[in-house]
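In case you want the letters, here they are:
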Amino acid sequence: GLLLPGIGNSTRKGFMYSQPVFWAIDRSQDATFTYDYYSRIGSAFSADYRHRLTTRSSGNARFFWLQGSDFTDDEIAAGAEQVSGGWTLDGAHVQALPSNWRLNANASFFSSKEFVQGFEDNFNRFLRRNSSAGLFLTRSWSSFTLNIVADHNETFFGNVDSVVRRREPEIEFRVRRRPLYESLYFELEGSYAGLLREERSPDVDPRGGRYQRIDAFPEVSLAFTQIPWLTFTP
């Protein structure tokens, strides 16, 4: 059904009209679609989706698109502020899987830095300069934990230059402190990562590349506890 519209005015965006429509898909998911009109920078459309399909999963996603302004050179010379068109996409999902596996996924993308700086009124979103997406899979059992991470992160410097960092993927295995024999304990943290780092600029070949990394940190400790008020662990 139709929700209450929003009306306003801005020196940069002009007359503003917003009309949301709510859709209760079923008892576990819903969506909101919104049409926005700005007299100075064109039309916009957004879609918000939320779900809790099971007791062990939940998620949300939001897409926003803006047409952008199209001023003439004379209007820009007279003081009209050009706003670039573009889009943003944000989402997150949490899912409990069989055998104690748990999945977290998230994404946060935008079409260009010019769009974010030209359109956003929220100070924190105005300063946004990262596009990212990630997948985190984890399982814990007994004294062990296994983590698998794959992600992509692009950080913009200025409007076009950027640095891309990617894990494709990183696998981490942990053994929590566990007894080997009486007061002798063992623990371990180890990981393998396939990594990418590139510096990107227009009309220039990317600088950087892929590399691999392996880490292992085993530890054996012996606790002396003969004195009740003192513990010494080499």
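These numbers were taken from a predicted model, which means no experiment stands behind them. (Residues numbered from 1 in each chain as written. Predicted model: local features only at pLDDT ≥ 70, side-chain atom pairs only at ≥ 80, totals over all residues. Heavy atoms only, no water.)

S.K.: When you look at the environment of Asp205 in this model, what are you seeing that I'm missing?
M.R.: Take Asp205: it is sitting in strand 12 (residues 204-222). The exposure class assigned to Asp205 is exposed, which follows from its relative accessible area of 64%. With 193 residues separating them in the primary sequence, Asp205 and Arg12 have C-alpha atoms 37 Å apart. (Helix = DSSP H or I, 4+ residues; strand = E, 2+ residues; numbered from the N terminus. Buried < 20%, exposed > 50% of the residue type's maximum accessible area, 1.4 Å probe, protein only.)

S.K.: Sorry if this is basic, but what is going on with the nonpolar core here?
M.R.: One recurring pattern in soluble globular proteins is that nonpolar side chains are buried together. Counting residues in hydrophobic clusters, the biggest one holds 11 residues: Tyr38, Ile41, Ala44, Phe64, Leu66, Val83, Phe110, Phe115, Val116, Phe119 and Phe156. It is helix 2 (residues 113-119) that provides the largest number of residues to this core, a total of three residues. Beyond its immediate sequence surroundings of up to four residues, Phe115 is in contact with Phe64, Leu66, Ser84, Gly85, Gly86, Trp87, Thr88 and Glu120. (Core = buried A, V, L, I, M, F, W, Y, C linked by side-chain atoms within 4.5 Å. Contact = heavy atoms within 4.5 Å.)

S.K.: What exactly am I supposed to notice about the packing of aromatic side chains here?
M.R.: Each aromatic ring pair is summarised here by two numbers: the centre-to-centre distance and the angle between the ring planes. Taken as a whole and judged by the stated rule, the model has five aromatic pairs. Seen in terms of ring centroids, Phe33 and Phe45 are 6.5 Å apart; in terms of plane orientation they differ by 15°. Their pairing is stacked. With Phe33 in strand 3 (residues 29-38) and Phe45 in strand 4 (residues 42-51), this pair connects stretches of sequence that are 12 residues apart. Seen from their ring centres, Phe110 and Phe156 are 5.5 Å apart, and the 45° between their planes marks the pair as tilted. A residue pair is termed long-range when its members are at least 10 positions apart, and Phe110 in strand 7 (residues 101-110) and Phe156 in strand 9 (residues 144-157) qualify at 46 residues. The burial state of Phe110 is the same as that of Phe156; both residues are buried. Through a chain of ring-to-ring contacts, three or more aromatic side chains come together here, namely Trp141, Phe144 and Phe173. Just above the ring of Trp141 sits the side chain of Arg139; from NZ or CZ to the centre is 4.7 Å. (Phe/Tyr/Trp six-rings, centres within 6.5 Å; stacked < 30°, edge-to-face > 60°. Lys NZ or Arg CZ within 6 Å of the ring centre and 35° of its normal.)

S.K.: Help me understand the sheet that holds strand 9, please; the structure alone is not making it clear to me.
M.R.: Neighbouring strands of a sheet are bound in pairs by backbone hydrogen bonds; such pairs are parallel or else antiparallel. The 12 strands are arranged 1-2-3-4-5-6-7-8-9-10-11-12 in an open sheet whose pairing can be described as antiparallel. In this open sheet, the two edge strands, each paired with only one partner strand, are strand 1 (6-10) and strand 12. Pairs of neighbouring strands in the sheet enclose a mean axial angle of 10°, with direction left out of account. (Pairing = 2+ DSSP bridges. Axes fitted to C-alpha atoms, helices over the stretch in contact; angles between N-to-C directions.)

S.K.: Would you mind going over the pairing of strand 5 (residues 57-66) with me for this structure?
M.R.: The two faces of a sheet get side chains in turn, since along a regular strand they alternate between them. Relative to strand 5, strand 4 runs antiparallel, the two sharing eight bridges. Following the sheet pairing, Ala47 is matched in strand 5 by Phe63. Between the antiparallel neighbours strand 4 and strand 5 lie five residues.

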